[in-house]
Each structure stands twice: as C-alpha cells, then as structure tokens.
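So you can see what is in the structure, the chains are spelled out below.
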Amino acid sequence: RMMLRGAAKASGAKAAVRCFSSAAGAASGVLHICGTAEYNKLGFGDSQDREAPVPIPALEATPIAHVACGKYHSAAVAADGSVYAWGLEASGQLGLGSRRTKAHTPALVEALSGAGVTQLSCGSYHTLARTAEGEVYSWGFGGSFFSGAGGLGHGDRQ
C-alpha cells in the first residue's frame with residue numbers, strides 16, 4: 001500500500017502508479033503528478049524531479065477523468081473524452097504521429113478526437129485506449145524485443 005506524500009484523500013479520485021512516477025486525479029478533475037522527470041514524462045517541460053504531487057500547468061483547466069503512467073510516457077483522458085499524452089515517443093507510444101521525439105508537456109492525441117475514450121493503459125513502448133462503447137485502440141511498439149511481433153493485436157510491430 002502506498003500513500004502519495006502531499007496528496008489529499010478524495011472520494012472518486014483515480015490514481016496511476018508506475019516505477020518512478022505516480023499520478024492522481026482528485027474528484028475535482030485536477031491531475032497531480034510526481035516522480036522522476038526523465039523523458040519529460042511528468043509533463044512540466046523541465047528535468048526537475050517532483051517528490052510531492054503537483055498539478056500539471058498545461059492541464060489545470062482541463063478536468064481529467066483517467067490517467068495512466070508508462071515507463072517513458074504518461075497519458076490522460078479529459079472529462080470530454082479527449083486524450084493527452086507526453087513523454088518519450090520512441091516507438092509511437094504517444095500517438096502524435098511522430099517517432100524519436102518528446103512531448104515536453106501534454107499534447108492532444110488528435111487521432112482519437114471524438115472516439116469517446118474513457119480509459120488508458122500505458123506500457124513501456126505502447127498505449128491502449130478503451131472507449132465507452134468497448135472499442136479498444138492500441139498504438140506504439142507492438143512486439144517483444146525477445147519474441148517478435150503481435151503484442152498489440154495488429155499482427156506486426158507497428
């Protein structure tokens with residue numbers, strides 16, 4: 001059991017915890033995040049680690065309904081179903097249409113606009129999104145460095 005130092009207990013709060021980073025959204029929808037800032041996965045646009053949860057300025061005016069933390073990136077679903085991602089885009093895991101770049105602060109994943117995403121899951125090199133209708137979208141590296149392709153259900157590594 002883990003308690004984030006400085007985080008307020010709130011009913012309806014959502015939390016995501018991954019090695020070296022944690023995020024929590026209060027019932028008010030304000031996203032707080034802490035951890036190591038490598039690869040800009042905290043979304044502040046700097047390399048300063050945060051020991052206590054702090055709101056991400058780029059999302060303070062956007063009510064957040066769900067959050068997920070990956071090894072190299074983080075993502076959030078806004079109350080209106082919009083998806084934001086930030087961190088390292090080494091394998092397309094941010095869904096921003098580029099590779100080998102970084103989104104230093106949260107960026108809108110335009111490919112999912114209007115899809116009605118409600119939940120996310122971030123891995124090391126991939127991201128999954130689930131819609132209110134039960135559809136699942138996946139992007140990023142779809143294989144295993146050890147056993148080949150197919151991990152995202154696309155039949156290849158794309």
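This structure is a prediction, so every number in the text was calculated from the model and none was measured.

The rules behind each value
Each chain has its residues counted from 1, following the order in which its sequence is written. Only residues with pLDDT of at least 70 get local features here, since the model is predicted, and only at 80 or more are side-chain atom pairs given and counted; chain-wide, interface and lining totals rely on the full set of residues. Calculation of side-chain values draws on the structure's entire complement of heavy atoms; hydrogens and water are dropped beforehand. In this description a helix means any DSSP run of H or I spanning at least four residues, a strand means any run of E spanning at least two, and both kinds are numbered starting from the N terminus. Type-normalised accessible area, obtained with a 1.4 Å probe on protein chains alone, sets the label of each residue: buried when under 20%, exposed when over 50%, and partly exposed for intermediate values. Throughout, a contact is declared for two residues whenever any of their heavy atoms are within 4.5 Å. A strand pair is defined by DSSP finding two or more bridges across the two strands. To define axes, lines are fitted to C-alpha atoms, for helices over the stretch in contact only, and angles between the resulting N-to-C directions are given on a 0 to 180 degree scale. Looking at any residue, its pLDDT shows the predictor's confidence there, from 0 to 100. Side-chain rings of Phe, Tyr and Trp, where Trp is taken by its six-membered ring, are said to pair if the distance between their centres is within 6.5 Å; with planes under 30 degrees apart they count as stacked, over 60 as edge-to-face, and otherwise as tilted.

**Q** What should I look at first to understand the side chain of Thr131 in this one?
**A** Within the secondary structure layout, Thr131 lies in strand β10 (residues 126–131). Looking at Thr131, the relative accessible area reads 0%, which means it is buried. Excluding residues within four positions of it along the chain, Thr131 makes contact with Ala115, Gly116, Val117, Thr118 and Tyr137.

**Q** Quick question: what am I supposed to make of the sheet that holds strand β11 (residues 136–140) here?
**A** Within a sheet, each strand pairs with its neighbour through backbone hydrogen bonds, oriented either parallel or antiparallel. Pairing is antiparallel in the open sheet, where three strands are placed in the order β9-β10-β11. Pairing within the sheet leaves two strands with one partner each, and these edge strands are β9 (117–122) and β11. Adjacent strand axes in the sheet meet at a mean angle of 20 degrees when their direction is disregarded. Pairing analysis gives five bridges linking β9 to β10, with the strands arranged antiparallel. Across the sheet, Gln119 pairs through a bridge with Arg130, a residue of β10.

**Q** Got a minute to help me understand the confidence of the model for the chain in this structure?
**A** For the chain, the mean per-residue pLDDT works out to 80, and 71% of the residues sit at or above 70. For the chain, the element scoring lowest by mean pLDDT is strand β1 (residues 14–18), at 52; strand β7 (residues 83–88) scores highest, at 95. Below pLDDT 50 for its whole length, residues 1–13 participates in 17 contacts with residues either more than four positions away or in separate chains.

**Q** Looking at this structure, I do not really get the packing of aromatic side chains. What am I missing?
**A** Here the distance between the centres and the angle between the planes together describe a pair of aromatic rings. According to the stated counting rule, one finds three aromatic pairs in the structure shown. Their ring planes at 40 degrees and their centres at 5.3 Å tell us that Tyr72 and Tyr125 sit as a pair that is tilted. Residue Tyr72 is located in the loop between β5 (64–69) and β6 (73–78), and its partner Tyr125 is located in the loop between β9 and β10; the two are separated by 53 residues in the primary sequence. Since its relative accessible area comes to 23%, Tyr125 is described here as partly exposed. With 6.5 Å between their ring centres and 85 degrees between their planes, Tyr125 and Phe141 make a pair best called edge-to-face. With Tyr125 in the loop between β9 and β10 and Phe141 in the segment after β11, this residue pair connects regions lying 16 residues apart in the sequence.

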